[in-house]
Amino acid sequence: MPPLSRMPRGALCAVLMAACCAAGAQSVPTTFGTIIGNGLLCRDQTDNLYFYDYLRKAFGQPYKHDGGAYWFKTGGASLWGTAISEVMVSDDTSTYIFVGAVAEATPEVLEQSIITQVGVHYARIDSSAFPVREAKPASRIVYFDTKSKIYCAKFKPLPPVQPPPVRQRLK
């Protein structure tokens, strides 16, 4: 390959474009299934700051902040053999701490994939046309247009109550 100063302008542009695209491309971390998958199944503590930092390091800045959550594009990610296009994590405005994901499959297909891969079963908790599915200890799968969302949400712990200050007597 000739030095960059001697390359034709078109070839130089192509090299620079390829370098920029490669630098901007994010690969899915090998820990994605363990960290995000177990978080979605409520198998660990749910800490929105931890998940936010993990997702930011893995996929860059969130592409939107909407509905009390930061949304991250996760191109190429998959869990339980199902493509995951987005992951969201709660901000501090919600009464819940949650992590969720958009799966490129219907809730029925996602549920079957989870049963096959990890053995976690979901129960329909309502009798609507689009029932919510819930697994113990509280992971849920819901309809999201033609896709599905899976999430783990827990009440935000309240800060400890501080006793009122004790008056001190002056001597």
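What you are looking at is a predicted structure, and each value in this text was computed from that prediction instead of being measured.

Take the overall build of the protein next. When you go through the protein residue by residue, the secondary structure sums to 4 helices and 8 strands. When the helices and strands of the protein are placed in sequence order, the string is α-α-α-β-β-β-β-α-β-β-β-β. Within the protein, the fraction of its 171 residues that count as buried is 36%. When the accessible surface of the protein is totalled, it reaches about 11100 Å², and 58% of it is carbon and sulfur.

Attention now goes to the environment of I35. Tracing the backbone through its elements, the reader meets I35 in helix α2 (residues 32-40). With 19 residues separating them in the primary sequence, I35 and Y54 have C-alpha atoms 8.8 Å apart. In this view, I35 contacts Y50, F51 and Y54; residues no more than four positions away in its chain are not counted.

A separate point is the packing of α2 against helix α3 (residues 48-59). Contact pair α2 / α3: the axes reach a minimum separation of 12 Å and the direction vectors enclose 145°. Here α2 and α3 pass one another in a crossing that is left-handed. Of the residues in α3, those touching α2 at F32, I35, I36 and G39 are Y50, F51, Y54, L55 and F59. Counted by class, the contact of α2 with α3 contains 8 nonpolar, 1 polar and no charged residues.

Turning our attention to the nonpolar core. In this structure, F32, I36, I114 and I150 are the most contacted members of the largest nonpolar core, which totals 30 residues. Of all the elements in the fold, those that place two or more residues in this core are α2, α3, β2 (69-79), β3 (82-90), β4 (96-103), α4 (107-118) and β8 (147-155). With 6 residues, the top contributor of residues to this core is α3. When residues no more than four places from it in sequence are discounted, the contact partners of I150 are L40, L41, W80, V99, G100, A101, L110, I114, Y122, S139, R140 and I141. One finds A69, W71, M88 and V102 within the second-largest nonpolar core, a separate group that totals 5 residues.

Here the structure, examined in full by the defined rule, presents 1 disulfide. A sulfur-sulfur separation of 2.0 Å characterises the disulfide bridge that pairs C42 with C152. Taking the torsion about the S-S bond as the criterion, the C42 to C152 disulfide, at about 125°, is right-handed. Here C42, found in the loop between α2 and α3, pairs with C152, found in strand β8; they are 110 residues apart in sequence, far enough to count as distant. Residue class for C152 comes out buried when judged on its relative accessible area of 0%.

What follows concerns α3. Helix length check: α3, at 12 residues, gives a terminal C-alpha distance of 16 Å against a target of 16 Å (1.5 Å per residue), a fit within 8%. Where α3 is concerned, the buried positions are N48, F51, Y52, Y54, L55, A58 and F59. Taken around the axis of α3, the buried residues stretch over an arc of 165°, which confines them to a single face. Relative to its buried face, α3 has exposed residues pointing more than 90 degrees away, namely L49 and K57. On the buried face of α3, the contacting elements are α2, β2, β3 and β4. Regarding α3, its N-cap is D47, as a side-chain oxygen of that residue lies 3.1 Å from the backbone nitrogen of L49 further along. Just downstream of α3, G60 is the residue with a positive phi angle, here 90°.

What counts, and where the lines are drawn
- Residues numbered from 1 in each chain as written.
- Predicted model: local features only at pLDDT ≥ 70, side-chain atom pairs only at ≥ 80, totals over all residues.
- Heavy atoms only, no water.
- Helix = DSSP H or I, 4+ residues; strand = E, 2+ residues; numbered from the N terminus.
- Buried < 20%, exposed > 50% of the residue type's maximum accessible area, 1.4 Å probe, protein only.
- Areas by Shrake-Rupley, 256 points an atom, 1.4 Å probe, with all protein chains shown as cover.
- Contact = heavy atoms within 4.5 Å.
- Axes fitted to C-alpha atoms, helices over the stretch in contact; angles between N-to-C directions.
- Left-handed = near helix turned anticlockwise from the far one by under 90°.
- Nonpolar A, V, L, I, M, F, W, Y, C, P; charged D, E, K, R; others polar.
- Core = buried A, V, L, I, M, F, W, Y, C linked by side-chain atoms within 4.5 Å.
- Disulfide = S-S within 2.5 Å.
- Expected span 1.5 Å × (residues − 1).
- Arc of directions from axis to C-beta.
- Polar contact = N/O pair within 3.5 Å; in protein donor to acceptor, adjacent residues only side chain to side chain.

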